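Observations on chain architecture
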Amino acid sequence: MAAIEMEAVVRAFGATRAVNGVSLAVPPGAFLALLGPSGCGKTTLLRLIAGLERPDAGRIALGGRLVAGPGRFVAPEARGLGMVFQSYALWPHMTVAGNIRFGLRIQRLSYAEERARIGEALEMVGLSGMADRRPHQLSGGQRQRVALARSLAVRPGLILLDEPLANLDAHLRETMLAEFRRIHAALRTTFVFVTHDQDEAMAVAGLVGVMNAGRLEQLASPADLYRRPATPMVARFVGRGRTVPVQVLGRSGGLCRIAVQGRVVAVPGDAPPGPGWLCLRPRDLAATAGGGLRARVLDHRFQGGGHLVTAALEHVEDGGTVDFTLPRPPHPGETVELSLTGGWILPREALRAETPLQHRLLAGAGADA
Ligand SMILES: Nc1ncnc2c1ncn2[C@@H]1O[C@H](COP(=O)(O)OP(=O)(O)OP(=O)(O)O)[C@@H](O)[C@H]1O
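Residues numbered from 1 in each chain as written. Predicted model: local features only at pLDDT ≥ 70, side-chain atom pairs only at ≥ 80, totals over all residues.

**As for the overall build of the protein**
Applicable threshold: Each helix corresponds to a stretch of at least 4 residues labelled H or I by DSSP, and each strand to a stretch of at least 2 residues labelled E; elements are numbered beginning at the N terminus. Field definition: a residue is buried when 20 or more other C-beta atoms are found within 10 Å of its C-beta, exposed when 12 or fewer are, and partly exposed for counts in between, with C-beta atoms placed from the backbone. We call two residues in contact whenever the C-beta atoms placed from their backbones are within 7 Å.
Helices and strands together make up the secondary structure of the protein, namely nine helices and 21 strands. Along the longest, intermediate and shortest principal axes, the C-alpha atoms of the protein span 75 × 50 × 40 Å. In the protein, which comprises 369 residues, the share counted as buried stands at 40%. Pairs at least 24 apart in sequence give 64% of the contacts found in the protein among residues at least 6 apart.

Take a look at the structure:
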């Protein structure tokens, strides 16, 4: 039975469909990251799961129990979940133990049980011995651990984390990501983690949902998102990829034959003959001495010990920009020859479902826009 199941869920604010027909199933014990650009609907999706928003359409079930749907709405406190926000939301006048106890109040535990739960939760987040401190006596990372401990103490079946690391510096974020992974591995409770930082999502989650304009573009493991993006948006967003328009001539055995710059090459992918996208990341291209694809250098910058070069593939219709690395700085306007060492092919039509305007066009409204 899925920990979270959504079916055609819609949540609109006026004309904005913040969540626009999302269906998904998350297995129990998963660590799911919701990833996507600002305003794509990640927080709204999380709030729908929490019960802080009501869907306008569709159904949501948690652990097999319908919590939102036609004629049914279960309040957040009755959903058996914990939430951690970027703002920590700790009571400043209460001690660490008091804050955790406050989260436990609806469970009506005995004093001894409360003490045990508080001790257990503090140990889990590595803050044993800090029970009597107040939030202002803690670092940002420690406050976020208290917020997590407060959620864990309730022993929820599901923990929702809304950009919990946004207020922490880069070093602390790394440490806390490792902590989240460790705690998740120890508990096997389902975690849902909202972030707009793909490195964070990939580092922490076993399952990543990429959202765009209210839609769920793909729900997959980090490796699958990277190697087999389902849509051009995912190809471009994950790993800062580029999409180059190509003609697919045929496919067999998981490979597509494509025509690019007058030559035929075979690239992994899944697209029928016709217009396609060649999805490329910097590591899919390598400079070669001759006989490769020709690209004119547009720009470059020093990165990761090499030179990340942006170049335009010759004889490719609009959008033939690619990135690759060179061990030396290129000359401005230089033409570099490149061999393909990877890549992925998608059908061109997938692009049609990408933007709100195109959604409207597809739905038949505003066709003259
Ligand atoms: N309460 C609200 N009233 C009106 N519009 C809202 C409300 N909440 C969200 N929206 C709109 O819905 C869309 C999705 O917002 P949401 O906060 O879910 O995005 P997000 O992906 O979490 O963004 P961010 O990464 O910037 O936090 C945005 O266009 C936002 O302006």
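**A short note on the pairing of strand S18 (residues 306-313)**
Threshold: Between any two strands, at least two bridges found by DSSP are needed for them to pair.
By the bridge criterion, eight bridges tie strand S17 (residues 293-303) to S18 in an arrangement that is antiparallel. Bridge assignment links Arg301 to a residue of S18, and that residue is Leu308. Hairpin remark: S17 followed by S18, antiparallel, with two residues in the connecting loop; positive phi at Gly304, about 55 degrees. Where S18 and strand S19 (residues 321-326) come together, six bridges link them in antiparallel fashion.

**Overview of the domain arrangement of the protein**
Rule in force here: Delimitation of the domains relies on an automatic or database domain assignment. Amino acids outside the nonpolar list (Ala, Val, Leu, Ile, Met, Phe, Trp, Tyr, Cys, Pro) and the charged list (Asp, Glu, Lys, Arg) are all regarded as polar, and Gly is one of them.
Examined at the domain level, the protein breaks down into domain 1 (4-227) and domain 2 (234-362). Taking only C-alpha atoms, the centre of domain 1 and the centre of domain 2 are 37 Å apart. With nine residues of domain 1 at the interface, the matching set in domain 2 holds eight residues. Elements represented by at least two residues in the side of domain 1 that touches domain 2 include exactly strand S10 (207-212), strand S11 (215-220) and helix H7 (222-227). Among the elements that make up the side of domain 1 that touches domain 2, the one with the highest residue count is H7 (three residues). Split into classes, the residues belonging to the side of domain 1 that touches domain 2 amount to four nonpolar, three polar and two charged.

**Concerning the nonpolar core**
The condition is simple: We call a set of buried Ala, Val, Leu, Ile, Met, Phe, Trp, Tyr and Cys residues a nonpolar core when their C-beta atoms link them within 7 Å.
Residues Leu32 and Ile345 are the most contacted members of the largest nonpolar core, which totals 91 residues. Broken down by element, this core gets its largest block of residues, six residues, from helix H4 (residues 140-153). Three or more residues apiece are contributed to this core by two domains, here domain 1 (4-227) and domain 2 (234-362). In contact with Ile345, other than residues within four places in its own chain, are Val248, Cys256, Ile258, Val267, Gly269, Ala271, Gly276, Trp277 and Leu278.

**Describing the sheet that holds strand S6 (residues 72-73)**
Formally: Simply put, an axis is a line fit to the C-alpha atoms, just over the touching stretch for a helix, and the angle between two N-to-C directions goes from 0 to 180 degrees.
Taking strand neighbours across the sheet as the criterion, the five strands line up as S2-S1-S4-S5-S6 in an open arrangement whose pairing is antiparallel. Each having just a single partner strand, strand S2 (16-26) and S6 make up the two edges of the open sheet. Inspection of the sheet shows strand S5 (residues 65-69) paired to S6 by two bridges, in the antiparallel sense. If you follow Gly69 over to S6, its bridge partner there is Arg72. Helix H1 (residues 42-50) contacts strand S1 (4-13), S2 and strand S4 (57-62) of the sheet and is inclined by roughly 60 degrees relative to S2.

**As for the sheet that holds strand S20 (residues 335-340)**
Spatially, five strands are ordered S16-S20-S17-S18-S19 in an open sheet, and the strand pairing comes out antiparallel. At either end of the open sheet lies a strand with only one pairing partner, and these are strand S16 (285-287) and S19. Across the sheet, the axes of successive neighbouring strands diverge by a mean angle of 50 degrees, strand direction being ignored.

**Some details on the pairing of S10**
Judged by how many residues are buried, S10 sits mostly within the fold: six of six residues are covered. Side chains of S10 alternate between two faces, with Leu207, Gly209 and Met211 and Val208, Val210 and Asn212 buried alike. Judged from the four bridges that link them, strand S3 (residues 31-35) and S10 form a sheet pairing that is parallel. Following the sheet pairing, Leu32 is matched in S10 by Leu207. Looking at chain direction, S10 and S11 are connected through five bridges and run antiparallel. Note that in S11 the partner of Val210 across the bridge is Gln218. As consecutive antiparallel partners, S10 and S11 are separated by two residues, and within that stretch Ala213 has a phi angle of approximately 50 degrees, a positive value.

**Describing the environment of Arg348**
Inspection of the secondary structure puts Arg348 in the loop between strand S21 (344-347) and helix H9 (356-362). Each C-alpha atom, one on Arg348 and one on Pro275, is 5.4 Å from the other, the two residues being 73 residues apart in sequence. What Arg348 contacts, discounting residues up to four positions off in sequence, is Pro245, Pro275, Gly276 and Trp277.

**Let's talk about the site of the ligand**
Rule in force here: Note on definitions: a residue is near a molecule or strand provided its C-beta atom, placed from the backbone, lies within 6 Å of it.
Lining the immediate environment of the ligand, one finds Phe13, Thr16, Ala18, Gly36, Ser38, Gly39, Cys40, Gly41, Lys42, Thr43, Thr44 and His196. If you list the elements that add at least two residues to the shell around the ligand, you get S2 and H1. With three residues, H1 is the single largest residue contributor to the shell around the ligand. Here the residues of the shell around the ligand sort into three nonpolar, eight polar and one charged.

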